Amino acid sequence: MIDWSKAYAARMERVLPSEIRELGKIKHPDMIHFGGGLPEPDLFPTEAIAKAYAKILSDPVLAKSGLQYTDTAGYMPLREYIARYMATLGVECGPENIILTAGSQQAIDFIARLFVSAGDTILVEAPTYLGGLRAFDAYEARYALLPSPFANATDVKTEDGSKPKLGYVMSDFKNPTGGSFTLPERNRVLDIAAEMDIPLIEDNAYEKLRYSGTPVRPLLSLDAERMGGIENSRVIYTSTFSKIVAPSLRLGWVAASSAIIRKLELVKQAADLAPATLNQMVLLEVLDEVFTPTHVEKVCAVYRGRRDAMLAALEKYMPSGVTWTKPEGGLFIWVTLPSHMDAPALVRRALTDFKVGSISGKSCYGTPPEMNTLRLSFSMVAEARIDEGIKRLSEAIRAS
Ligand SMILES: Cc1ncc(COP(=O)(O)O)c(C=O)c1O
């Protein structure tokens, strides 16, 4: 029999099963899951999506184009819509600055493909989005810590002393901490990227999920203003329709200078030719109904209630020595346990003995991990169950 392990490409050594998927296989009817962080399916605009598919497929002309290949960068009316949406975030751009991707995950993968050669160093936050790290791993990237917004850019330490190739940050409601950069921090991150003269990925997947506080302009908007327009910006912005519409449409986008969009088109053409035309047409049909303040507030109201229930329960049950973030949006709260505690062991025990799921923060680091951290998501648990889930987690912590 063939020995597959000898046949794989070297880059696959870094591509390993995720802890979240593995632990997700432990099932129990009474389990309360704060692990996954998927959007709440009751909030999907199912009826609007069903109507849009029916409308397009029952019209012979629309159906023909909906089932055909489309432009690699995406369906033009949708690119125009996104360009108009970016203007509301303070980014003046046109459809030539937009490419549709299969979720923002594919955008991260493509940007890495464009910039990262084996052994290159990417500057990341600690902790950072683990899906981003897994995408970068496939290109055999190394990681160094992005200097904290108030440190000196020359503090960066790469393993071999070489210059970093790329920076990757989230600006709003980061996965996993829920934190956001303040305006001075955003400006400092841009200064650091400019001092190093590197491109900066701004992953803003949760931008629309704000439950309190005041919006701050994205890095792309600030940098475009500094540089005299998006064409001169070093920021490559990505976001997604997964969190407000539905992840299964697999539609996200990149907004960047047109030179970068043209390069990403080449990458997309080689990878999968083009985004699904029908899904893009359906999305465009439903956006007028769901990318509206009314629908966004309906979604935010549900998550706001869950966030508040989780914060209240953490306050009520957690033993002293445990701290957590208080996010203004997004789907996550980040918990720091006393420094002697081993979060991966706690997560297993909490699942098997206390029937509550969470993920250890360990896999959210490209740089050496903090082993006493947990990511909790309130997105999929009804408010009434959150109190019970946090009570169980606190019991597991006390028993560890
Ligand atoms: C920070 C961040 N970026 C990107 C993604 C990818 O989402 P999608 O590919 O569905 O757009 C996620 C998904 O959870 C995320 O948390």
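Computed from a predicted structure; not experimentally measured.

A. Examining the domain arrangement of the chain more closely. Assigned domains of the chain: these are domain 1 (13-43 + 294-399) and domain 2 (47-290). The straight-line distance from the C-alpha centre of domain 1 to that of domain 2 is 26 Å. In this assembly, 28 residues from domain 1 lie in contact with 32 residues from domain 2. In this assembly, domain 1 packs against domain 2 so that about 2700 Å² is buried in total across both faces, 62% of it on carbon and sulfur atoms. The interface formed by domain 1 and domain 2 holds two salt bridges in total.

B. Up close: the side chain of Ser242. For Ser242, the position within the fold is in the loop between strand S7 (235-240) and strand S8 (252-255). When neighbours within four sequence positions are excluded, Ser242 is seen to be in contact with Pro39, Pro247, Arg250 and Leu251.

C. Broad picture of the environment of Pro199. Position of Pro199 among the secondary structure elements: in the loop between helix H8 (183-196) and strand S6 (200-203). A relative accessible area of 17% means that Pro199 is categorised as buried. Spatially, the C-alpha atom of Pro199 lies 7.5 Å from that of Lys165, the residues being 34 residues apart in sequence. Beyond its immediate stretch of four places on either side in the chain, Pro199 contacts Phe115, Lys165, Leu166, Gly167, Arg234 and Ile236.

D. Spotlight on the packing of helix H5 (residues 76-88) against helix H11 (residues 277-290). One way to put it is that H5 packs onto H11 with a least axis distance of 9 Å and a crossing angle of 40°. The orientation of H5 with respect to H11, classified from their angle, is oblique. For the pair H5 and H11, the crossing hand works out as left-handed. Along its contact with H5, which presents Pro77, Leu78 and Tyr81, the element H11 presents Gln280, Leu283, Leu284, Leu287 and Asp288.

How each quantity is defined
Residues numbered from 1 in each chain as written. Predicted model: local features only at pLDDT ≥ 70, side-chain atom pairs only at ≥ 80, totals over all residues. Heavy atoms only, no water. Domains from an automatic or database assignment. Contact = heavy atoms within 4.5 Å. Buried area = accessible area lost by both parts, 1.4 Å probe. Salt bridge = Lys/Arg side-chain N within 4 Å of Asp/Glu carboxyl O. Helix = DSSP H or I, 4+ residues; strand = E, 2+ residues; numbered from the N terminus. Buried < 20%, exposed > 50% of the residue type's maximum accessible area, 1.4 Å probe, protein only. Axes fitted to C-alpha atoms, helices over the stretch in contact; angles between N-to-C directions. Parallel < 35°, antiparallel > 145°, perpendicular 65-115°, else oblique. Left-handed = near helix turned anticlockwise from the far one by under 90°.

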